[in-house]
Amino acid sequence: MDDKKVTHPTESPDQDKPMNLSALADFFFEVGMLKKTPRSGFQFLGTGRESVADHSFRVAVIGFCLARLVDHPDPFRVVCLCLFHDLPEARTGDMNYVNKQYVQVDERKATAHLAAALPFGDELEALLDEYRSRQTEASRLAHDADQLDLILELKQQKDLGNTYAQEWMRYALERLHTDMGRKLAEQILKTDWTAWWFDGNDHWWV
């Protein structure tokens, strides 16, 4: 599948759908559930915690950076894939790798239901289908952004003394798709999580 242009906010993706502000208000409340939905893998890691919304924000930032580093023609598209990649979890919750051995989650059904009344619902469904496909450069970059966020979190937990974080790290590294994603992961592993504010700033503490 080739990268295809995603409709930008200044364009009207679904001209025939009436503007339904009530549906949009519902959608905004639904998106807010991601702030209250915990990432469930941390219960197995033993330390750390974050919401799906916390995760999605940094994934979007990483996705933008990846897109710029590889000169992707549409960084906005990569950011959108990252921003919405876990949107169905507002309805399904977050299923970790243990949960998925026993629970079948119908993300497409959740996406179809949440998108049905939205004037840009078709665009959201297309974005999530593309993300799941991993067939375009944009979707592969978005998947790498997702894993890089996990790698950053695992590196932080490792630096704080969680010995299991290193074991999780190797699986996340194997899930990377792009050369740039692997290069960034290599740098993350060499960087102490406190370096951005602690190293070279002794004068702050005197």
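Residues numbered from 1 in each chain as written. Predicted model: local features only at pLDDT ≥ 70, side-chain atom pairs only at ≥ 80, totals over all residues. Heavy atoms only, no water.

> Report on the environment of Trp197, specifying residues and quantitative values.
With respect to the element layout, Trp197 can be found in helix α11 (residues 195–198). The residues touching Trp197, leaving out its near neighbours within four places in the chain, are Trp204 and Trp205. (Helix = DSSP H or I, 4+ residues; strand = E, 2+ residues; numbered from the N terminus. Contact = heavy atoms within 4.5 Å.)

> For the pattern of salt bridges, give the residues involved together with the corresponding values.
Considering all chains together, one arrives at 11 salt bridges under this definition. For Glu107, the salt bridge identified is with Arg132, shortest N-O distance 3.7 Å. A residue pair is termed long-range when its members are at least 10 positions apart, and Glu107 in helix α6 (residues 107–115) and Arg132 in helix α7 (residues 121–133) qualify at 25 residues. A single salt-bridge network, built from bridges that share partners, covers Glu107, Arg108, Asp129 and Arg132. (Salt bridge = Lys/Arg side-chain N within 4 Å of Asp/Glu carboxyl O.)

> Which residues make up the packing of aromatic side chains, and what values do they have?
Applying the stated criterion across every chain, the model contains six aromatic pairs. Ring-pair connections join several aromatic residues into one group, and the members of that group are Trp197, Phe198, Trp204 and Trp205. Lys100 extends its terminal NZ or CZ atom over the ring of Tyr97, reaching a point 5.3 Å from the ring centre. (Phe/Tyr/Trp six-rings, centres within 6.5 Å; stacked < 30°, edge-to-face > 60°. Lys NZ or Arg CZ within 6 Å of the ring centre and 35° of its normal.)

> With reference to specific residues and values, describe the nonpolar core.
Across soluble globular proteins, nonpolar side chains have a tendency to be buried as a group. One finds Leu66, Cys82, Leu87, Leu124, Leu148 and Ile151 to be the most contacted residues of the largest nonpolar core, which totals 39 residues. Per-element accounting of this core gives the leading share, eight residues, to helix α8 (residues 137–159). With near-sequence residues (within four places) excluded, Cys82 lies in contact with Ser56, Val59, Ala60, Gly63, Ala142 and Ala145. (Core = buried A, V, L, I, M, F, W, Y, C linked by side-chain atoms within 4.5 Å. Buried < 20%, exposed > 50% of the residue type's maximum accessible area, 1.4 Å probe, protein only.)

Limitation: the analysis is restricted to geometry and does not speak to function.
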